[in-house]
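Now for the letters of each chain:
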Amino acid sequence: MRRALAGIALAVTSMVALSFLIPLALLVREQARDRVTTAAEQRAAALSPVLALTTRRADVQQAVAELGSSDQLVVRLPDGTFVGTPHASEEALDRAVRGRETLAVDTHDGWAYLQPVVLRGERVAVVEAYVPAADLTRGVAASWGVMALLAVGLVGGSVLVADRLGARVVRSSRGLKRASLALGSGDLGVRVEPDGPPELQEAGAAFNTMADRVVDLLAVERELVADLSHRLRTPLTALYLEADRMGATPSAQRVTEAAGQLERELDSIIAAARTPLASAQLTGSGPGTAKPCDVAEVVAMRLDFWSVLAAQQERPFERSLTPRPTPVAFPEDDLAAVVDALIGNVFRHTPQGTRFLVRVERREAHVHLTVDDAGPGVADPRAALTRGVSVGGSTGLGLDIVARAARTADGELTIARAPLGGARVTVSFALADAPVPDGGAR
């Protein structure tokens, strides 16, 4: 923008300067020429009365000496002799004598003014006033130099002013850009100081209003999440009571363990929702700050949990877990939630007795977690991966959790047709820089 404004100022000022300076330069040259030619004509006119009185050579020489040097003032006497050295051509002198007309002719080294003087007896004398070429342009170069300096100063000043104005606009625009990028990256406390032209000041004020509104909306949303999570404690308490009524049985123990895990999840959700936005932003976990965990180990642990329900529903399943370490910089609890979401979808959206397969593979830079089933599959995979769109009557939160986790771990989520006939859901996670020790057989 600064270069564009400076270029516009340079072009406009240059055109304006040239439109004035070119005619002015020509006028200065003409005025310099007119000044010296007028002086020459006056000298010639002053010598004419002397010739009307006398044509004696001595008298004419004295008059020429008084009016000017013999090099610039020459007289052709009626007898054809000269007082001084002529510069005009013989043809021009003869023409002035014959035609008795005043002539102004250019010579090879200057300019000559011929003025005939008619004497008694039809005799004609010619006065020649000569101006050298250097006198015709005396002072013109200096005047042109002054005008050129003024033009350069005018153009330079206009470009400097345009650059300063452009710098002010660019500074305000860059500040607004940096604040927008910071807000987009999660810095909710960033604000701008409205500066620059009125339009940019209004844009800065609108940005600050938008940022305040975003903070307010996020606070309301987090409070709502905390309230909704707290409401789940009532049915959770009912689960504990139901487990107590069941006595010391394996089923009661499983219900108690599941309720305990659910209570811990609710506590973590409420704590995260109650955390101030600035603190949550500074201490939030991510792929670069989370403690590495092993994907195969977490998947094996969660499969042991789901195997009980699979046995009750007569669901045959297979596991294929790589023996190689599969460390990822992702929280173990979040990874367990991803595995539960994928396997839970199989239990929710396929009939009892449907077979499924869980596979963990390590490749060059990623770990791939794949869940295949023999159910009806996903009719529209693109819609299933669209955030906020529910498929098959579900809330759509399961795949959304998995997709966000994959993006956080520098991976991706894909849905395809499985060889078993149903859906194949594959999640990839980027391998951590520092691998964790192998925990044993998978």
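That block above? That's the structure.
Bear in mind that the values here come from a model prediction, so they are computed numbers and not experimental data. (Residues numbered from 1 in each chain as written. Predicted model: local features only at pLDDT ≥ 70, side-chain atom pairs only at ≥ 80, totals over all residues. Heavy atoms only, no water.)

**Student:** Could you clarify how one ought to interpret the packing of aromatic side chains in this entry?
**Tutor:** The geometry of an aromatic ring pair comes down to the distance between the two centres and the angle between the two planes. Tallied over the full model, the rule gives six aromatic pairs. For the pair F330 and F429, a centre-to-centre distance of 5.9 Å together with 45 degrees between the ring planes defines the contact as tilted. In this pair, F330 is assigned in the loop between strand 8 (327-328) and helix 11 (332-349) and F429 in strand 12 (residues 423-430), connecting sequence segments 99 residues apart. Exposure remark for F429: the relative accessible area of 0% places this residue in the buried category. Here the basic side chain of R302 rests over the ring of F305, its NZ or CZ set 4.5 Å away from the ring centre. (Phe/Tyr/Trp six-rings, centres within 6.5 Å; stacked < 30°, edge-to-face > 60°. Helix = DSSP H or I, 4+ residues; strand = E, 2+ residues; numbered from the N terminus. Buried < 20%, exposed > 50% of the residue type's maximum accessible area, 1.4 Å probe, protein only. Lys NZ or Arg CZ within 6 Å of the ring centre and 35° of its normal.)

**Student:** Just to check I follow, could you spell out the environment of E265 for this structure?
**Tutor:** Relative to the helices and strands, E265 is located in helix 8 (residues 250-274). Classification of E265 as partly exposed rests on a relative accessible area of 33%. Residues E265 and D333, spaced 68 residues apart in sequence, show a C-alpha to C-alpha distance of 9.0 Å.

**Student:** Where do I start with the sheet that holds strand 9 (residues 356-362) in this structure?
**Tutor:** Hydrogen bonds between backbone atoms are what pair the strands of a sheet, whose relative direction is either parallel or antiparallel. Strand order in the open sheet made by the five strands is 7-9-10-12-11, with mixed pairing throughout. The strands lining the two open edges of the sheet, one partner per strand, are strand 7 (317-321) and strand 11 (413-417). Here the average twist between neighbouring strands, direction ignored, is 15 degrees. In terms of strand pairing, strand 10 (residues 366-373) meets strand 12 through seven bridges, oriented antiparallel. Residue pairing across strands places D372 opposite R424, the latter belonging to strand 12. Across the sheet, helix 10 (residues 295-312) is in contact with strand 7, strand 9 and strand 10; its angle to strand 7 comes to roughly 170 degrees. Helix 11 contacts strand 9, strand 10 and strand 12 of the sheet and is inclined by roughly 20 degrees relative to strand 10. (Pairing = 2+ DSSP bridges. Axes fitted to C-alpha atoms, helices over the stretch in contact; angles between N-to-C directions. Contact = heavy atoms within 4.5 Å.)

**Student:** How do you make sense of the pattern of salt bridges when you look at a structure like this?
**Tutor:** Side chains that differ in charge, positive against negative, can pair when their charged atoms come close. Within this structure, the stated rule accounts for 14 salt bridges. Notably, a salt bridge pairs R138 with D135, separated by 2.2 Å at the nearest N-O pair. Of the charged contacts, one joins R355 and E318 as a salt bridge, the two residues approaching to 2.4 Å between their closest N and O atoms. Of this pair, R355 sits in the loop between helix 11 and strand 9 while E318 sits in strand 7; the two residues are 37 residues apart in sequence, bridging distant segments of the chain. When salt bridges that share partners are traced, they join R76, E90 and D94 into one network. (Salt bridge = Lys/Arg side-chain N within 4 Å of Asp/Glu carboxyl O.)

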